[in-house]
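Structural overview for review
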Amino acid sequence: MKRIGSLFLAAVLLLQGYPVWAAEGVEPQVAAQGAALVDGTSGRLLWGKNESVQMEMASTTKIMTAILVLERCEPKEIVTISSHGANQPKVHMGLVKGEQWYAEDLLKAMMLKSYNDAAVALAEHISGSVEEFCKEMTEKARKIGAVDTVFGSPNGLDSHLTKEQHHSTAYDMGIITGYALQNPQFREIASLPSYTFSDVSGKKTHTAVNTDRFLQMYSGALGVKTGYTNKAGNCFVGAAERNDITLVSVVLGCGWGKKGREQKWKDTAALMDFGFDTYAKTTLCQKGSKAGSVAVNRSPVDSVDCVLGAGYEGIFSKAERKQVEIIPQLPKSVSAPVEKGTKLGKAKIVLGDTVLVEIPLFAAEDAPTYKLSQWLRILAKDWCRWQKYLAL
């Protein structure tokens, strides 16, 4: 299974600490203790409530488990169930020690029905132990920009763990999910309504039905992952796509009981409505657009224009679009010869105090050095000026 999300990772690392700007949409009313709305393409935080507070995240943990499985395991690898895997509490698939299942089937069952035994079986298969797998989950989170996340469990069960041993933040879960969505296989799994499969022997068949109600209730929903523990309360990380915009919503600690179960859907819809009402995909600049010029020494060409080596687009509110600046960073002058396409500097695309991206600037034309005849004319003119000066 393929590695994913290098461009997403670069964007997230660049946008760490990005400010949440006031937008013109109706402010979402969210009951969750922690919440975040994240641009699923860049990882930019669009709206948050206690988005950087450490919280338990229940079975939304399995999003990271899925990432490692997709990146490190082939679909048809055979997973043999251990006694530890078979003895996981509900929600469980009913795996039995010694049974053999294909990795892709356990992964889909884990994501659709949140089976805790499937998560442990996959963790042990990949890393040899749950403990080692959790270390690798935490390391992966940090590498993709989720720097305030620690995993102590591959399935999110946390009754035996302290918050220090197993926690994330609403924003970190948004980053993790945005990264996962770069993988087409993850997207496909998250949106499956149900999945029927058999063990390796073909004697045992199982059907997992997706428990994600968001897929049916919201236009453009991509699904993703529900979660609940006594510590975490009801949680949900969702994703939706409209008008070429992908948004990730995270709601942690939405409450307990029936009210909490319903609240996570209400909070998610409120965040998504706000995002799609407020933000639009915008091209801030295009490749080849002029962005400054540089004086050229020792050339009949006085200066050369500089053009952007790439374009840049993202999702922005109307207020943000008015505040974006393109700031060229170029030398005052360069010496000839300058060939068309020579890199001369860079342009920063800036929103407030934050640099969104840096784009190289290239010479738009040639600037040759003087020919011998041109040098001679210049020397003659300079000699005449000196003669006049000395005659005064």
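Given the structure is predicted, the values throughout are model-derived calculations rather than measurements.

In terms of regular secondary structure, the chain is built from 12 helices and 17 strands. Across the 392 residues of the chain, 51% fall into the buried class. Looking at the chain alone, contacts between residues at least 24 apart form 68% of all its contacts between residues at least 6 apart. Accessible surface, the chain: about 18100 Å² in total, of which carbon and sulfur atoms supply 52%.

This part covers the environment of Q100. Tracing the backbone through its elements, the reader meets Q100 in strand β4 (residues 100-102). Note: C-alpha distance between Q100 and D199 (99 residues apart in sequence) is 6.1 Å. Apart from residues lying up to four places away in sequence, Q100 is in contact with I78, V79, T80, D199 and V200. A polar side-chain atom of Q100 sits 3.0 Å from a polar atom in the side chain of T80.

As a further point, take the packing of aromatic side chains. Going through the model one piece at a time under the given rule, you end up with 6 aromatic pairs. Relative to F197, the ring of Y195 has its centre 5.4 Å away and its plane inclined at 20 degrees; by these criteria the two rings are stacked. Per residue, the accessibility class of Y195 equals that of F197, and both read buried. By the ring-pair criterion, three or more aromatic residues cluster together here, those being F214, Y218, F236 and W265. Against the face of Y102 rests K76, its NZ or CZ located 4.8 Å from the ring centre.

The next point concerns the nonpolar core. By size, the foremost hydrophobic cluster in this structure holds 66 residues, and its most contacted members are L106, L107, I176 and F186. Ranked by size, the runner-up nonpolar core spans 24 residues in total, among them V304, A347, I349 and I359.

This part takes up the side chain of D212. As for its placement among the helices and strands, D212 is situated in the loop between β6 (205-209) and α9 (214-217). Of the side chains bearing the opposite charge, R213 lies closest to the buried D212, which forms no salt bridge; the N-O distance is 8.1 Å. Ignoring any residue separated from it by four or fewer positions in sequence, one finds D212 in contact with G223, V224, T226, F236 and W265.

This next bit is on the sheet that holds strand β2 (residues 45-49). Taken together, the 5 strands give an open sheet; going across it, the order is β2-β1-β9-β8-β7, and neighbouring strands pair in antiparallel fashion. The two strands at the open ends of the sheet, each matched to only one other strand, are β2 and β7 (221-229). Ignoring which end each strand starts from, the neighbouring axes of this sheet average 5 degrees apart. Of the pairings in the sheet, the one linking strand β1 (residues 34-39) to strand β9 (residues 245-252) comprises 6 bridges and is antiparallel in character. The partner of D39 across the bridge, within β9, is L247. This element, helix α7 (residues 170-180), spans β1, β2, β7, β8 (233-242) and β9 of the sheet and lies at about 140 degrees to β9. Most of the contacts of helix α10 (residues 257-278) go to β8, to which it runs at about 30 degrees, and overall it touches β1, β2, β7, β8 and β9.

This brings us to the packing of helix α2 (residues 62-72) against α7. Where α2 contacts α7, the axes come no closer than 10 Å and their chain directions differ by 30 degrees. Accordingly, the angle class assigned to the pair α2 and α7 is roughly parallel. Crossing of α2 against α7: the hand is left-handed. Along the contact surface, α2 presents I63, M64, I67 and E71, while α7 presents M173, I176, T177, Y179 and A180. Of the residues belonging to the contact of α2 with α7, the class tally is 7 nonpolar, 1 polar and 1 charged.

Scoring rules and cut-offs
Residues numbered from 1 in each chain as written. Predicted model: local features only at pLDDT ≥ 70, side-chain atom pairs only at ≥ 80, totals over all residues. Heavy atoms only, no water. Helix = DSSP H or I, 4+ residues; strand = E, 2+ residues; numbered from the N terminus. Buried < 20%, exposed > 50% of the residue type's maximum accessible area, 1.4 Å probe, protein only. Contact = heavy atoms within 4.5 Å. Areas by Shrake-Rupley, 256 points an atom, 1.4 Å probe, with all protein chains shown as cover. Polar contact = N/O pair within 3.5 Å; in protein donor to acceptor, adjacent residues only side chain to side chain. Phe/Tyr/Trp six-rings, centres within 6.5 Å; stacked < 30°, edge-to-face > 60°. Lys NZ or Arg CZ within 6 Å of the ring centre and 35° of its normal. Core = buried A, V, L, I, M, F, W, Y, C linked by side-chain atoms within 4.5 Å. Lys, Arg positive; Asp, Glu negative; His and termini not counted. Salt bridge = Lys/Arg side-chain N within 4 Å of Asp/Glu carboxyl O. Pairing = 2+ DSSP bridges. Axes fitted to C-alpha atoms, helices over the stretch in contact; angles between N-to-C directions. Parallel < 35°, antiparallel > 145°, perpendicular 65-115°, else oblique. Left-handed = near helix turned anticlockwise from the far one by under 90°. Nonpolar A, V, L, I, M, F, W, Y, C, P; charged D, E, K, R; others polar.

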